[in-house]
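Reading the structure
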Amino acid sequence: MAVPMPAGPEGAEGAGAEGAAGAASSSYDYQDAPIEGEFTIRAVILGLLIGVLLCLTNLFFGLQSGWISMMSLQAALIGFGLGKLQGRGLSVRENVVVQTTAVGVGTLPLAAGLVGIVPALSQLSPDSDGAEPIVLSAWHLIAWCLATAFFGVFFAVPLRKQVIIKEKLVFPSGTATAQLISVLHHAPLRDESASSVSASGSAPRRRNRSGYEALPSSVDVEEVDDGASVDEAEEAAEERKGVQDAVGRSGWWRLAGSFGASAGLTIAGFFFPVLGAIPLFNVFGNSLASKWLWWFSPSLSYIGQGVIMGLPTTLSMNVGMLVGWAVLSPLSYHRGWAPGPPASSSDGARGWILWTALAIMIAESLVGLLPIAAETVQRYASGIPSSKQADAEEDHDDETPDRLVPAWWVWVGLCACTVGGTGLIWAVFGAEGIRPWATVVGIAMASVFSLLGVRALGETDLNPVSGIGKISQLVFSVLQPGNVVANLLAGGIAEAGAQQAGDLMQDLKTGHLLRASPRSQFYGQLIGSFASVFVSTAAYKIYTATYTIPGPTFPAPQAAIWLNLARLVNSGSLPPRAKEFMTAFGIVFGGLSALRVWLDGRGQQSPGWVRFLPSGVAFAIGFLNTPSFSIARLIGGIISHVSLRRLQRTQRSPPRGPAAHLADLALVVLASGFVLGEGFASVLVLALKSAGAEPASCWGCGAGGGGYCGGC
C-alpha cells in the first residue's frame, strides 16, 4: 500500500495547532540526537495502544475476508493526533517509533498464522488427513506465537544496508509513510538522489516499481524562485492549504466522523443483521442470497479498504469475483463437479473454485519471484568488493554505530529464535507435528524466502508471503511426506519470516528517509511483536469461543487455501475437472505476471494500461471472498479513481504512479476512519455477543430460506 504524499518544510502540524506552523522553521533541525531522544516511553506506549487497535482490526478482517494491511499510514496519523492531545506533540523520530511499534503489534495475526494456519489446524480430519483436529489452548497458542514472532525481525536487520543504503529500493509504502510524517511535522525527507558506490565502482541503478513517483516537496509561496510562474506559486499555496485542511482541525473531525459512522453501522448491523447482508440480488432469483451467497454488504470499512487499494486492485478483485461466483460456481454445480450445496467448502462450488484460486496465486508468485531470485543470486555471486570500494560503501551509511543494531545481536537473536522456536513448536505439537530438524530447515528456508520477499516488496510494494508459504509447503511434501500437520507448520514458518522481515524493512525505509535510529525501530518492532503475542492470542481465543470459525460470520478463507494445498501435496486428490481449470488459469496468470515483469524490467516507464492488468492475488481474493466484500471495495476504488482524475485535471503537476490515487490526503483520512471504526466496533460486538446479547430483529433475513445473515 503506497501513498505518495506532498512532503516538505511546510505542512500540517501548524494546521493542527491552529496556525502555529508559521512559527516552525522551514529548515528542520536533523542534528543527530541520542537514541533516548526518539525511543521514549510515551512513543512506545502510544505505539502499543495504536497497535492493539490495528491488531484487533486485522484479526477481524483477516478471519472475515483473508485480507490484512500493514496500516503504517494510519498508525502515523493517529500517533500524531494523540501526541497533540498530550500538549507537547511527538517529534518526527518519535512518530517513526510509534508507527514501527504499532505495526509490530498489528500484523502478528498474519505472521503467526491466526487467520490461516491456526484455523486450518482446527479443521483437520482423521479420514482425510490422518490427524485429529488440533485446537490450540491459550498457552499453546502463546507458545506458537512466540516461536514465530521474532526470527523475521532478525532476518531483516542485515538486509538494510544492501537494499536501502546501497540499492536504494523504493519500498513504496515505507516511502509513503515517511512522506506523510514529513507533512505532519513539516520536516524534509532525506535526499536520496546521491548515488552510492557499487561493488563494481559504478553507481547502482535505483530499482523501483514502474511508474512510481514520489511527489516533490511542497513549495512555500514566499520561497518561489524568480523564474517560477505565478501559477506554480498559486498551485503550491493551494496544495499546502489542502494538506493543512486534511490533517488540521477539520481533518480530525473528518476522521472522527468516519470512525463513528463505521462503528455505528457495525453495531447497528449486530442488532439488525440484514444491514450487513442485504438480499439485493434476489430480484434476479429468490435463492441468490441463500443458495449462491449473492448479497450486498454496505460496509464502510470495505469501502475504505477499496479507497486505499485503488481502482486497478479492486477491479481485479471484482473480475475475479464475477468469474468465480457468477461463472465457475454455477458451472461446477450444474455439471456435477461440485454436487454439494454451493456454500459448502468441502463438496460445494465454494470449495471447488478455491482450487483455481490456489493455482492462480502459486503461478503468479513463482513467476514474480524467479527473476528476483536470479538477480539476487547473480548479485551475491559477483564477488566481494575490494577494501577501497568497501570503505566507500561503508562511508555512505551516515548512521553512527550507537544508532545501528550490532551484528552480534543479530547472530545471537537468530540462534535464540532457532533453538527456542524449535523447542516451543516441538513442545506444542510433539511427534505428530513437524520434526525438530525439519523446523530448523524451515527457518533456514524462511531466511532465503525473506530475502526474496524483501526484494519483491522493495520493488513492487507486494510481499508475496502467501506464495512463499505455498512454495514451502511444496518443499516439505518431499521432506516430510504424508504429514499434513508438518506441511501446514512449515508454510506458517516461511510466511512468518517473510512477513515480519518485509514489515520491518518498510519501517526501516521510513526511518531512513526521516533519519530515525534503526536501533530504535528494532526495539519498537521487538516490543510490539512481544506484546502482540498476548493481545493476538487473547483476541483469537475470544473470537473462537464466541463464533464458529470457519462459519457464516468468519469464513477464514485463507485457512481453506492452506489446508487444501496441504492435502493435495500429501497424496490428496482434486475434485472433478479442477485440474484442467487450475492449469488453464495458472498459465494465463503466469503469462500476465511474466508480461508485467518484462515491462517493468525494461528500464523505462511502462504504459499506463499495465496497471490495469489483472493482479493474480487480487483476482484470487475475488474467488475466496463472497461477492459482497468485493463489491463494497469496488465502490471505494471508484471513489479514489474519481478523486485522482479530479487532481489530474486541476493540478499542473498531477500525481502519477501506482499509488497516485491516494494523493488526496483528506480521502486517506476519511478511509482510515472507515477501516478503523469497524475494527473497533467489532470488539464491542464481540463483547455484546459474549454477554448473551441477541439481534433485535431478523427482518429481511429469511428470503429464499435465509441463512445469509449472521446471528439469524
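A brief structural summary. (Residues numbered from 1 in each chain as written. Predicted model: local features only at pLDDT ≥ 70, side-chain atom pairs only at ≥ 80, totals over all residues. Heavy atoms only, no water.)

**Considering the overall build of the chain**
Definition in use: Note on conventions: DSSP H or I runs of at least 4 residues are helices, E runs of at least 2 residues are strands, and numbering of each starts at the N terminus. A 1.4 Å probe rolled over the protein chains alone gives each residue an accessible area, and that area as a share of the maximum for its type sets the label: buried under 20%, exposed over 50%, partly exposed in between. In what follows, residue pairs with any heavy atoms lying within 4.5 Å of each other are defined as contacts. Only the protein chains shown count as cover for residues, and all accessible areas are computed by the Shrake-Rupley method using a 1.4 Å probe.
Scanning the chain from terminus to terminus reveals 26 helices and zero strands. Split into buried and exposed, the 712 residues of the chain put 58% on the buried side. When contacts within the chain are restricted to residue pairs at least 6 apart in sequence, those whose partners lie at least 24 apart make up 83%. In the structure as shown, the chain presents an accessible area of about 26,900 Å², 63% of it carried by carbon and sulfur atoms.

**Here's the deal with the packing of helix α20 (residues 484-513) against helix α22 (residues 557-569)**
What counts, and what does not: Here the axes come from fitting lines to C-alpha atoms, over the contacting stretch only for helices, and the angles between their N-to-C directions go from 0 to 180 degrees. When describing relative orientation, an angle under 35 degrees is termed roughly parallel and one over 145 degrees roughly antiparallel, while 65 to 115 degrees is termed roughly perpendicular and anything else oblique. Each crossing gets its hand from how the near helix is turned against the far one by less than a right angle, where anticlockwise is left-handed and clockwise is right-handed. Note on residue classes: Ala, Val, Leu, Ile, Met, Phe, Trp, Tyr, Cys and Pro are nonpolar, Asp, Glu, Lys and Arg are charged, and everything else, Gly too, is polar.
Two elements in contact, α20 and α22, have axes separated by 9 Å at closest approach and are oriented at 125 degrees. On the basis of the axis angle, α20 is oblique to α22. The element α20 and its partner α22 pack so that their crossing is right-handed. The segment α20 lies against α22, with Val 484, Asn 487, Leu 488, Gly 491, Gly 492 and Glu 495 engaging Trp 562, Leu 563, Ala 566 and Val 569. Classifying every residue of the contact of α20 with α22 by side-chain character gives six nonpolar, three polar and one charged.

**Some thoughts on unusual backbone geometry**
Looking along the chain, the bond that leaves Ile 549 and enters Pro 550 is cis, with omega of 0 degrees. By secondary structure assignment, the location of Pro 550 is in the loop between α21 (518-546) and α22. Phi is positive for Met 71, which is not a glycine, with a value near 55 degrees. Along the polypeptide, Met 71 turns up in the loop between α2 (41-65) and α3 (72-85).

**As for helix α26 (residues 665-690)**
We apply this condition: Given a helix with a known number of residues, its expected span is that number minus one, times 1.5 Å. Counting of polar contacts relies on pairs of N or O atoms within 3.5 Å, with two restrictions inside protein: one atom must be capable of donating a hydrogen and the other of accepting it, and residues adjacent in sequence are counted only when both atoms are side-chain atoms.
In this model α26 runs 38 Å from its N-terminal to its C-terminal C-alpha over 26 residues, within 8% of the 38 Å that 1.5 Å per residue would give. One side-chain oxygen of the residue at the start of α26 lies 3.3 Å from the amide nitrogen of Ala 666, identifying that residue as Asp 664. Two residues or fewer after α26 comes Gly 692, characterised by a positive phi angle close to 95 degrees.

**Digging into helix α12 (residues 249-271)**
Over its 23 residues, α12 runs 33 Å from end to end, which matches the ideal 33 Å to within 8%, given 1.5 Å per residue. Along α12, the residues that are buried comprise Gly 251, Leu 255, Ser 258, Ser 262, Ala 263, Thr 266, Gly 269 and Phe 270.

**Digging into the state of the cysteines**
What counts here: In this description, a disulfide is simply a cysteine sulfur pair whose atoms lie within 2.5 Å.
Applying the stated criterion across every chain, the model contains one disulfide. No disulfide involves Cys 145; its sulfur sits 9.3 Å from that of Cys 55, the nearest cysteine. Exposure remark for Cys 145: the relative accessible area of 0% places this residue in the buried category. Sulfur of Cys 415: no disulfide; nearest cysteine sulfur belongs to Cys 417 and is 9.4 Å away. What makes Cys 415 partly exposed here is its relative accessible area of 48%.

**Some remarks on the packing of aromatic side chains**
Note the threshold: Ring pairs are drawn from Phe, Tyr and Trp, using the six-membered ring of Trp, whenever the two centres fall within 6.5 Å, and their geometry is named by plane angle: stacked under 30 degrees, edge-to-face over 60, tilted for the rest.
Inspection of the entire model under this criterion finds 28 aromatic pairs. Where Trp 144 meets Phe 429, the ring centres are 6.0 Å apart and the plane angle is 85 degrees; that geometry is what we call edge-to-face. Of the two residues, Trp 144 sits in helix α8 (residues 138-148) while Phe 429 sits in helix α17 (residues 407-429), which places them 285 residues apart along the sequence. For the pair formed by Trp 144 and Phe 429, the shared burial category is buried. Centroid distance Tyr 543 to Phe 554: 5.2 Å. Interplanar angle 70 degrees. Geometry classified as edge-to-face. Placement of Tyr 543 in helix α21 and of Phe 554 in the loop between α21 and α22 is noted, with a sequence separation of 11 residues between them. With relative accessibility at 2%, the residue Tyr 543 sits in the buried group. Members of the aromatic cluster, each reached through a chain of ring pairs, are Phe 60, Phe 61, Tyr 302, Tyr 543, Tyr 547, Phe 554 and Phe 629.

**Quick word on a nonpolar patch on the surface**
Counted only if it meets this: Distance thresholds for patches are 9 Å for like charges and 5 Å for nonpolar side chains (Val, Leu, Ile, Met, Phe, Trp, Tyr), applied to residues having over 30% relative accessible area and no salt bridge. By salt bridge we mean one thing: a side-chain nitrogen of Lys or Arg within 4 Å of a carboxyl oxygen of Asp or Glu.
Taken together, Ile 41, Ile 45 and Leu 49 make up a surface patch of nonpolar side chains, about 330 Å² in accessible area. Overall, Ile 41 belongs to the exposed group, its relative accessible area being 68%.

**Focus: the pattern of salt bridges**
When their charged atoms lie close together, side chains carrying opposite charge are able to pair. One pass over the structure, following the stated rule, counts seven salt bridges. For the salt bridge of Arg 567 with Asp 129, the shortest nitrogen-to-oxygen distance reads 2.7 Å. Taken as a pair, Arg 567 in helix α22 and Asp 129 in helix α7 (residues 126-129) lie far apart in primary sequence, 438 residues in all. For Arg 567, a relative accessible area of 23% corresponds to the partly exposed category. In this structure Asp 129 comes out as buried when scored by relative accessible area, which is 8%. Each of Glu 38, Glu 399 and Arg 403 takes part in a single network of salt bridges with overlapping partners.

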